[in-house]
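# Coordinate analysis (summary)
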Amino acid sequence: MGNTGTVLRELRGAQKTAKGVSLYSRYVNRPAGRVFAAGAHRIGMTPNQVTSTSAAFTFAAIASVALVRPSTGLAVAVYAGLVIGFALDSADGQLARLTGRGGPDGEWLDHVVDCAKMILVHTAVLISFHRFSALPGEGWLLLPLGFLFTAVLTFCAGLLREQLGRAAARPGAESGAAPVSRLRALALLPADYGVFCLVFLLLGDPTAFRIGYAALAAVHALFLVAFLTKWFRELRVLRAAE
């Protein structure tokens, strides 16, 4: 299988494009995923097994939010579980590209886990608010539902944009190799799942967590409007080019 250093070098050459990727994913999550992918390769794990391991870390952390009373210790544990799960979510694709063992089943499983975690993490926050928080008003229970709506709509609309874009592209057409904008990567930070995970470090302070979570919900709603507008315009351009 080769030594770990060799595998890491090969994984660096098997990265997805950095276009549309935030600074966190580019400089934190992908490198962490590369280390996990190298380790998984060394012990003979398949990409689907890495995906399942990612799901185990993520769902254990999410379940803790719903079932355990908030504390500083819980905050650290939840953050660690979510971040490790996110890095493993990057590792499965990297391992698949390295070994050539990827396929539609693996891509399907990866997207199912991604969709499930988006639904469950906000559901867990809703349960935690209801069970453990002295909320200023019951209206705060609508916040996780709104954040859930925003996250799922962004995820589904993005997938549809990608699939419809591929279907509408003319055979043989080559995508332009536009330079990757560091400013754009910085601007995308608030919408990155890794940055979202940071708010759970505030879980031990209910008020701080609620304010941080509400701020991120507002930012994600603004990004949703921007993304929907951008994707709709891009698909109209593709239709006009047919």
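The shown structure was predicted, so the numbers you read here are calculated from the model rather than taken from an experiment.

Once that is clear, we can look at the confidence of the model for the protein chain. The predicted structure's coordinates, where accompanied by low pLDDT, should not be read in detail. Of the residues in the protein chain, 86% reach a pLDDT of 70 or more, and the chain-wide mean stands at 89. Taken element by element, the protein chain is modelled with least confidence in helix α1 (residues 4–12), mean pLDDT 62, and with most confidence in helix α3 (residues 47–67), mean pLDDT 97.

Moving on: the side chain of D92. Mapped onto the fold, D92 is located in helix α4 (residues 72–99). Notably, D92 is buried but unbridged: the nearest opposite-charge side chain belongs to R97, and the N-O separation is 7.2 Å. A polar side-chain atom of D92 sits 2.6 Å from a polar atom in the side chain of T51.

Between its first and last C-alpha atoms helix α2 (residues 23–43) spans 30 Å; for 21 residues at 1.5 Å apiece the expected length is 30 Å, and the two agree. Maximal helix bending in α2 amounts to about 35°, located at N29; proline P31 follows within four positions. Looking only at α2, the buried set comprises L23, Y24, S25, R26, N29, R30, G33, R34, A37, A38, A40 and H41. Immediately downstream of α2, the backbone of G44 shows phi near 85°, a positive value.

It is worth spelling out the packing of aromatic side chains at this point. Throughout the structure, instances matching the rule amount to twelve aromatic pairs. An angle of 5° between the planes, with centres 6.3 Å apart, marks the rings of Y24 and F86 as stacked. Residue Y24 is found in helix α2, and its partner F86 is found in helix α4; the two are separated by 62 residues along the sequence. Residue Y24 shares its accessibility class with F86, and that shared class is buried. The rings of Y24, F86, F129, F147, Y193, F196, F200, F209 and Y213 are connected pair by pair, giving a single aromatic cluster. The ring of Y193 has K117 sitting right over it, with the charged end atom 4.2 Å from the ring centre. Positioned above the aromatic ring of W140, the side-chain terminus of R210 is 5.1 Å from the ring centre.

In this section: a nonpolar patch on the surface. Nonpolar side chains collect at one region of the surface, where V76, L198 and L201 lie side by side and expose about 240 Å² of accessible area between them. In this fold, V76 is placed in helix α4. Given a relative accessible area of 48%, V76 falls into the partly exposed group.

As a further point, take the packing of α4 against helix α5 (residues 104–132). Where α4 contacts α5, the two axes come as close as 11 Å, and the packing angle between them is 165°. By the angle between their directions, the pair α4 and α5 is classed as roughly antiparallel. As for how α4 packs across α5, the hand of that crossing is left-handed. Along the contact surface, α4 presents F86, D89 and D92, while α5 presents D110, D114 and K117. Classifying every residue of the contact of α4 with α5 by side-chain character gives one nonpolar, no polar and five charged.

Thresholds, definitions, all that
- Residues numbered from 1 in each chain as written.
- Predicted model: local features only at pLDDT ≥ 70, side-chain atom pairs only at ≥ 80, totals over all residues.
- Heavy atoms only, no water.
- pLDDT = per-residue confidence, 0-100.
- Helix = DSSP H or I, 4+ residues; strand = E, 2+ residues; numbered from the N terminus.
- Buried < 20%, exposed > 50% of the residue type's maximum accessible area, 1.4 Å probe, protein only.
- Lys, Arg positive; Asp, Glu negative; His and termini not counted.
- Salt bridge = Lys/Arg side-chain N within 4 Å of Asp/Glu carboxyl O.
- Polar contact = N/O pair within 3.5 Å; in protein donor to acceptor, adjacent residues only side chain to side chain.
- Expected span 1.5 Å × (residues − 1).
- Bend = angle between axes of the 7 residues up to and from the residue.
- Phe/Tyr/Trp six-rings, centres within 6.5 Å; stacked < 30°, edge-to-face > 60°.
- Lys NZ or Arg CZ within 6 Å of the ring centre and 35° of its normal.
- Patch = residues over 30% accessible without salt bridge, like charges linked within 9 Å, V, L, I, M, F, W, Y side chains within 5 Å.
- Areas by Shrake-Rupley, 256 points an atom, 1.4 Å probe, with all protein chains shown as cover.
- Axes fitted to C-alpha atoms, helices over the stretch in contact; angles between N-to-C directions.
- Parallel < 35°, antiparallel > 145°, perpendicular 65-115°, else oblique.
- Left-handed = near helix turned anticlockwise from the far one by under 90°.
- Contact = heavy atoms within 4.5 Å.
- Nonpolar A, V, L, I, M, F, W, Y, C, P; charged D, E, K, R; others polar.

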